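Analysis of the macromolecular model
Listed below are the residues making up each chain.
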Amino acid sequence: MIILAGLGLYDEKDTTLKTVEFAKKADKIYAEFYTAILTGTTIEKIEETLGKEITILDREKVELETEKLINESKDKDIMFLTAGDPMVATTHIDIAIEAKKKGIEVIILNAPSIYSAIGITGLQLYKFGKTTSIVFPEPNYFPETPYDVIKENSKMGYHTLCLLDIRAHNTRFMTANEGLEVLLKIEEKRNENILNKDTKVVVVARAGSLKPKMVYGKIGDLLEYDFGAPLHCIIFTGNLHFMEEDALKYLCENISE
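**A short note on the sheet that holds strand S3 (residues 54-56)**
Sheet architecture is open: 5 strands sit in the order S3-S2-S4-S1-S5, paired in parallel fashion. A single partner strand is all that each edge strand has here, and the edge strands are S3 and strand S5 (106-109). Strand after strand, the sheet turns through a mean of 25 degrees between neighbouring axes, direction not considered. Here 4 bridges tie strand S1 (residues 2-6) to S5, and the two strands are oriented parallel to one another. Within the sheet, the bridge partner assigned to Ala5 lies in S5 and is Leu109. Strands in contact with helix H4 (residues 90-101) are S1, strand S2 (28-32), strand S4 (78-82) and S5; relative to S1, the strand with the most contacts, it is inclined by about 160 degrees.

**Notes on the packing of aromatic side chains**
Counted by the stated rule, this structure contains 1 aromatic pair. Relative to Phe227, the ring of Tyr225 has its centre 4.8 Å away and its plane inclined at 45 degrees; by these criteria the two rings are tilted. On the basis of relative accessibility, which here comes to 19%, the residue Tyr225 falls in the buried class. The lysine or arginine in question, Lys25, covers the ring of Phe22, its NZ or CZ lying 5.7 Å from the ring centre. Here the guanidinium or amino end of Arg172 rests over the ring plane of Phe136, the centre of that ring lying 3.7 Å away.

**Some details on H4**
A rise of 1.5 Å per residue sets the reference length of H4, with its 12 residues, at 16 Å; its end C-alpha atoms lie 16 Å apart and thus fit the reference within 8%. Phi turns positive one or two residues past the end of H4, at Gly103, with a value near 75 degrees.

**Section: the sheet that holds strand S7 (residues 160-164)**
The 6 strands lie next to each other as S6-S7-S12-S10-S11-S13, forming an open sheet whose pairing is mixed. Each having just a single partner strand, strand S6 (132-134) and strand S13 (253-254) make up the two edges of the open sheet. Sheet topology note: the strand S10 (residues 200-205)/strand S12 (residues 232-236) ladder contains 5 bridges and is antiparallel. Its bridge partner lying in S12, Val204 is registered against Cys233. Along the sheet, helix H6 (residues 145-155) contacts S6, S7 and S12; its crossing angle with S6, the most-contacted strand, is approximately 145 degrees.

**Considering the packing of H6 against helix H7 (residues 176-190)**
As a packed pair, H6 and H7 sit with axes 9 Å apart at the nearest point and diverge in direction by 80 degrees. Judged by the inter-axis angle, H6 sits roughly perpendicular to H7. Here H6 contributes Pro146, Tyr147, Asp148 and Ile150 to the contact with H7, which in turn contributes Leu183, Ile186, Glu187 and Arg190. The residue makeup of the contact of H6 with H7, split by class, is 5 nonpolar, no polar and 3 charged.

Calculation criteria
Residues numbered from 1 in each chain as written. Predicted model: local features only at pLDDT ≥ 70, side-chain atom pairs only at ≥ 80, totals over all residues. Heavy atoms only, no water. Pairing = 2+ DSSP bridges. Helix = DSSP H or I, 4+ residues; strand = E, 2+ residues; numbered from the N terminus. Axes fitted to C-alpha atoms, helices over the stretch in contact; angles between N-to-C directions. Contact = heavy atoms within 4.5 Å. Phe/Tyr/Trp six-rings, centres within 6.5 Å; stacked < 30°, edge-to-face > 60°. Buried < 20%, exposed > 50% of the residue type's maximum accessible area, 1.4 Å probe, protein only. Lys NZ or Arg CZ within 6 Å of the ring centre and 35° of its normal. Expected span 1.5 Å × (residues − 1). Parallel < 35°, antiparallel > 145°, perpendicular 65-115°, else oblique. Nonpolar A, V, L, I, M, F, W, Y, C, P; charged D, E, K, R; others polar.

Set out below in structure tokens:
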């Protein structure tokens, strides 16, 4: 069988008892941390929790070795670990589909994900629209997709969750400050008045930890704010229910009038 298991959001203590149980029975454990990473722990601590050695695969290896992983699971119990929930990334969905096509048993062990954790802001989860990702700009690569997603969600009154780029191989994590700067540069280019320095957003840092930071304020006031260690994400709010307004007032740190 192949076991797709999530590790949660922050540290090894997010690991579910089910994941520990299946890890003990697994013949081999692989993991990837390029889609997300647990910043509150180490690989060694995760291995200690699971009682097994973990083989780390980078993005290229996962995409190149998907068939190898599936073939191994024909006669072995193979566990594949990810941060967050295992079925959020399309690569993992592809592994599950291809394994099923070959008649291999697939076990999915769900775990805390950013998609549920953003509920700590008090914003109602069913009012979120499409999620988007803000990536580090490159000389010939500056995608404007996040701007378009915020624009479309805003038209419908939906909140927008913006995930921020991760370069785990060189320990580089986009900060909320950098993400907001990217969006302002796109606005400057497009000039569609979708956002500006007076637009209010929520920044969430270290979701899943015991002391996450949640800050609500104008983009202009947040650009120089120190949100602390990663991971960060940004939420553009849509139409707010009065309970959501209260939640942002009392659950988040408010830094703008």
